[in-house]
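What follows is each chain in one-letter form.
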Amino acid sequence: MHRSGAVMAWNVFRFCTALRGLGSIMIILVMGVVGVTYYAVVLTNYGPSLASSGGLLDALIAFLVLVIFHCLLVMLLWCYFSVVFTDPGNVPPNWRPELDEERGEADPLTASEFGASPADSGNPRIRFCRKCNQLKPPRCHHCSVCGRCVLKMDHHCVWVVNCVGALNYKYFLLFLFYTFLETTVVTLSLLPQFIAFFSDGEIPGTPGTLATTFLAFVLNLAFALSVLGFLIMHISLVAGNTTTIEAYEKKTSPKWRYDLGRKRNFEQVFGMDKRYWFIPAYSEEDLRRIPALHGLEYPSKPDLDAQE
């Protein structure tokens, strides 16, 4: 029994080390997909169409496609690098809870309950991470890939080489949103060229440009379909004010303590200021009036017990 447990722990360690090793490779891969797509849409197809002396309608379509493509690309990259470079949330040094929020208890925790060593206190009201050797705020989980506890951790995403947590979850959702819009626009804009591959007529362009267009269409179609699934899943999670980990742990019953209603649940992630809903940032006012945006305190239904 001990040997199998040790083998499992070693395999998990190797898996987490491999994920850490991906590092910048995933960022390079994302930039590679963006580069192929840019070459196919702008340099191969719609850029030349705009510059050619073709009809006015063709030029207008090319102009609209290029404007929409570039606007969405800017937002996609802005959100992507915001997720990559924003810390998802660390537990502050010497942090101590005032009460057990996850159990919905209103009685304050006293100094005697922590004891000399919180790890050995055995107090069920105190959440402690033995890997980080520190106390855990509500909804905080340990990430084996990052090797630390993350505030309101949702998951570790290899595509952004970072954890998705309290401080960058909104940015991640916006990244999914703009990725879906961009890949859908690219798929639709390259669809005529893709259909032409299977026609009997002659297709203009070199073998290299044709292959790039074909590859860009397939990649963007695949990403559009897969990202749509993730987007739908995370919309449902936001609506219930839960995370991927919490959903996996079956904490999404009708009595889920942090479910405040769809409107307030949405505000816990995106804020109340509508001007900031579609950009990876928060207003100063939202940061002051919504404690959940800092990842340490979460409003809850005081009349319900959390589902453990």
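Residues numbered from 1 in each chain as written. Predicted model: local features only at pLDDT ≥ 70, side-chain atom pairs only at ≥ 80, totals over all residues. Heavy atoms only, no water.

By the naming in an unreviewed UniProt entry, the protein goes by S-acyltransferase and is assigned to Nicotiana attenuata. Heading Catalytic activity (unreviewed entry) of the UniProt record for the protein holds this comment: "L-cysteinyl-[protein] + hexadecanoyl-CoA = S-hexadecanoyl-L-cysteinyl-[protein] + CoA". One UniProt comment on the protein, placed under Subcellular location (unreviewed entry), says "Endomembrane system". (UniProt positions renumbered as here; feature names shortened; annotations may be inferred.)

A.B. asks: I'd like a description of the nonpolar core, backed by residues and values.
C.D. replies: Ranked by size, the top nonpolar core spans 42 residues in total, and within it Tyr80, Val160, Tyr169, Phe172, Leu173, Phe175 and Tyr178 carry the most contacts. Among the secondary structure elements, those contributing two or more residues to this core are helix H2 (24-51), helix H3 (56-85), helix H5 (169-196), helix H6 (207-239) and helix H8 (262-270). Leave out the neighbours within four places in its chain, and valine 160 touches Tyr80, Val83, Val84 and Phe175. Grouped together as the second largest cluster of nonpolar side chains are 15 residues, Val34, Val41, Val65 and Ala216 included. (Core = buried A, V, L, I, M, F, W, Y, C linked by side-chain atoms within 4.5 Å. Buried < 20%, exposed > 50% of the residue type's maximum accessible area, 1.4 Å probe, protein only. Helix = DSSP H or I, 4+ residues; strand = E, 2+ residues; numbered from the N terminus. Contact = heavy atoms within 4.5 Å.)

A.B. asks: Go over a nonpolar patch on the surface with me, naming the residues and quoting the values.
C.D. replies: A cluster of nonpolar side chains, contributed by Leu50, Leu57, Leu60, Ile61, Phe63, Leu64, Val67 and Ile68, occupies part of the molecular surface with about 700 Å² of accessible area. Mapped onto the elements of the fold, isoleucine 61 is located in helix H3. The exposure class of isoleucine 61 is partly exposed, given its relative accessible area of 39%. (Patch = residues over 30% accessible without salt bridge, like charges linked within 9 Å, V, L, I, M, F, W, Y side chains within 5 Å. Areas by Shrake-Rupley, 256 points an atom, 1.4 Å probe, with all protein chains shown as cover. Salt bridge = Lys/Arg side-chain N within 4 Å of Asp/Glu carboxyl O.)

A.B. asks: Which residues make up the environment of cysteine 149, and what values do they have?
C.D. replies: Within the secondary structure layout, cysteine 149 lies in strand S4 (residues 148-150). The spatial distance from the C-alpha of cysteine 149 to the C-alpha of cysteine 129 is 7.8 Å, given a sequence separation of 20 residues. If we skip the residues at most four places from it in the chain, cysteine 149 touches Gly89, Asn90, Val91, Cys129, Cys132, Gln134, Lys136, Cys140, His141 and His142.

A.B. asks: Residue-level account of the side chain of threonine 209, with values.
C.D. replies: Tracing the backbone through its elements, the reader meets threonine 209 in helix H6. A polar contact is formed between the side chain of threonine 209 and the backbone oxygen of threonine 206, at a distance of 2.9 Å. Contact partners of threonine 209, with chain neighbours within four places excluded, come to Tyr39 and Thr44. (Polar contact = N/O pair within 3.5 Å; in protein donor to acceptor, adjacent residues only side chain to side chain.)

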